Amino acid sequence: MLKKILIVLLFLVVLVALALGFGYQLQQQKLDQPLALTAERSLLISKGTGFGALARQLAEEGLIDDPLWLRIEARLNPAITHIKAGEYRLEPGMSLSRLLEKALAGDTISYRFTFVEGMTFRQLMTALADNDVLQVKAAEMSEAELLQHLGSEAEAIEGLFLAETYHFERGMSDLQLLERAHADLNAFLQQAWEERAKELPYRTAYEALIMASIIERETGVPEERGKIAGVFVRRLERGMRLQTDPTVIYGMGERYNGRITRADLRRPTPWNTYVIDGLPPTPIAIAGREAIRAALHPEDGKALYFVAKGDGTHQFSNTLQEHNRAVREYQLQRRADYRSSPGG
């Protein structure tokens, strides 16, 4: 009798083992089968989403047929429940197991936004507003509120961000991106200031940043940044006005229509370096690392003038006479109203 009972128990154990094995194989097949996708798309797992909620979300979005078996799998394998919030890229042929691997690793979609060299704050905010991934926060703040939030003692927001490409994920705000760019600028500018060349005509790192913004706007080819910086530094040292067109354009604001007249050059604004001495009160654009380095390590030389050749490069001159010849050669034959930068 005991022998028969043992045989029955053994038979039941075998049946249970077979059932479990079959169930496991079925579960694995479901995990390994492709998601119901016909085209690439994204999946957004919101912060605080539990695994059960994710299973329901996948079913509601038509990616799996039934959330019940996925919840059962989570009971059998709790390790798969440690998912991370974020936006994930799904591609045709991707299996559920691959999706879970990405969600466990936090392999989310990364976006990019570039703070472009020479971009003004107004242009920057327009570009941020046009980005449909970033949350809008900074755009709803005044300039004074932004300065206070950033902890800046500057009187204006212009130029307080480092020209750089930043990676971010969906859910990040424009304000967070501005915070990163501002912090990066402060860190780089402080280091560059400490390593600056000797006897420069700047009292503060902020003045060097102002100069860097002008260099950024004047430079057409990267290799000329140091030469342009050298011209401006020598002019400051000699008490000459910078006479650079980008400062005139910045001071004109919305009045600028693509051209500068002689009346514009004579019209006083806080930034018009044809009528003010020294540097303008604020930067006129975002500067990058190379422009900041150029401002703090200007190239040696004797040139006090330069004029655009029309191909992105400039003709540099040591004397006003040489400069006037260069202006006649490269500019006056093309534009009757042109005033070179910097001029005499």
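Each remark here, short or long, concerns the structure printed above.
What counts, and where the lines are drawn
Residues numbered from 1 in each chain as written. Predicted model: local features only at pLDDT ≥ 70, side-chain atom pairs only at ≥ 80, totals over all residues. Heavy atoms only, no water. Patch = residues over 30% accessible without salt bridge, like charges linked within 9 Å, V, L, I, M, F, W, Y side chains within 5 Å. Areas by Shrake-Rupley, 256 points an atom, 1.4 Å probe, with all protein chains shown as cover. Salt bridge = Lys/Arg side-chain N within 4 Å of Asp/Glu carboxyl O. Helix = DSSP H or I, 4+ residues; strand = E, 2+ residues; numbered from the N terminus. Buried < 20%, exposed > 50% of the residue type's maximum accessible area, 1.4 Å probe, protein only. Polar contact = N/O pair within 3.5 Å; in protein donor to acceptor, adjacent residues only side chain to side chain. Phe/Tyr/Trp six-rings, centres within 6.5 Å; stacked < 30°, edge-to-face > 60°. Axes fitted to C-alpha atoms, helices over the stretch in contact; angles between N-to-C directions. Left-handed = near helix turned anticlockwise from the far one by under 90°. Contact = heavy atoms within 4.5 Å. Arc of directions from axis to C-beta. Parallel < 35°, antiparallel > 145°, perpendicular 65-115°, else oblique. Nonpolar A, V, L, I, M, F, W, Y, C, P; charged D, E, K, R; others polar.

Colleague: Can you break down a nonpolar patch on the surface residue by residue, with the values?
Modeller: A cluster of nonpolar side chains, namely Leu-68, Ile-72 and Leu-76, defines an oily patch on the protein surface of about 300 Å² accessible area. Tracing the chain through its elements places Ile-72 in helix α3 (residues 68–76). A residue is classified by how much of its surface remains accessible, and Ile-72, at 42% relative accessible area, is partly exposed.

Colleague: Can you tell me about the side chain of His-314, naming the residues and giving the values?
Modeller: Structurally, the position occupied by His-314 is in strand β6 (residues 314–317). With relative accessibility at 9%, the residue His-314 sits in the buried group. A polar contact is formed between the side chain of His-314 and the side chain of Glu-224, at a distance of 2.8 Å.

Colleague: Could you give an account of the packing of aromatic side chains, naming the residues involved and the relevant values?
Modeller: One pass over the structure, following the stated rule, counts eight aromatic pairs. Their ring planes at 15° and their centres at 6.1 Å tell us that Phe-121 and Phe-161 sit as a pair that is stacked. Here Phe-121 is found in helix α5 (residues 121–129), whereas its partner Phe-161 is found in the loop between α6 (143–150) and β4 (165–168), with 40 residues between them in sequence. With a relative accessible area of 15%, Phe-121 lands in the buried category. On the accessibility criterion, Phe-161 (1% relative accessible area) is buried. Cluster of aromatic residues (ring-pair linked, three or more members): Phe-113, Phe-115, Phe-121, Phe-161 and Tyr-166.

Colleague: I'd love a proper account of the packing of helix α8 (residues 205–218) against helix α12 (residues 289–296), names of residues and values included.
Modeller: At a closest axis distance of 8 Å, the pairing of α8 and α12 adopts a crossing angle of 120°. The handedness of the crossing between α8 and α12 is right-handed. Mapping the contact onto sequence places Ala-208, Leu-209, Met-211, Ala-212, Ile-215 and Glu-216 in α8 and Ala-291, Ile-292, Ala-294, Ala-295 and Leu-296 in α12.

Colleague: So what's going on with α6? Which residues, and what values?
Modeller: Restricting attention to buried positions, one finds in α6 the residues Leu-146, Leu-147 and Leu-150. All buried residues of α6 project into a common sector of 100° when viewed along the axis, lining one side. Of the exposed residues in α6, the ones pointing more than 90 degrees away from its buried face are Ala-144 and Gln-148. At its buried positions, α6 is contacted by α5 and α7 (174–194).

Colleague: Could you give an account of the side chain of Thr-108, naming the residues involved and the relevant values?
Modeller: Structurally, Thr-108 can be placed in the loop between α4 (96–105) and β3 (111–114). Excluding residues that lie within four positions of it along the chain, Thr-108 makes contacts with Ala-85, Gly-86, Glu-87, Tyr-88 and Glu-169.

Colleague: Requested: an account of the pattern of salt bridges, with residues and values cited.
Modeller: With the rule as written, the count across this model stands at 13 salt bridges. A salt bridge links Glu-61 to Arg-41, with the nearest nitrogen and oxygen atoms 2.4 Å apart. Separated by 20 residues along the polypeptide, Glu-61 in the loop between α2 (51–60) and α3 and Arg-41 in strand β1 (residues 41–45) bring together distant segments of the chain. By relative accessible area, Glu-61 is classed as partly exposed at 34%. A residue is classified by how much of its surface remains accessible, and Arg-41, at 27% relative accessible area, is partly exposed. The closest approach of N and O atoms between Arg-122 and Glu-254, which form a salt bridge, is 3.2 Å. Taken together, the residues Arg-122 in helix α5 and Glu-254 in the loop between α10 (245–252) and α11 (262–266) connect sequence positions 132 residues apart. With a relative accessible area of 54%, Arg-122 lands in the exposed category. A single salt-bridge network, built from bridges that share partners, covers Arg-255, Asp-264 and Arg-267.

Colleague: Describe the packing of α2 against α3, naming the residues involved and giving the relevant values.
Modeller: Following both chains from N to C, one finds α2 and α3 inclined at 150°, their axes separated by 9 Å at the closest point. The angle between the axes of α2 and α3 places the two elements in the roughly antiparallel class. The handedness of the crossing between α2 and α3 comes out as right-handed. Residues Phe-51, Gly-52, Ala-55, Arg-56 and Leu-58 of α2 touch α3, and the partners they reach there are Leu-70, Arg-71 and Ala-74. Along the lines of polarity and charge, the residues of the contact of α2 with α3 split into five nonpolar, one polar and two charged.

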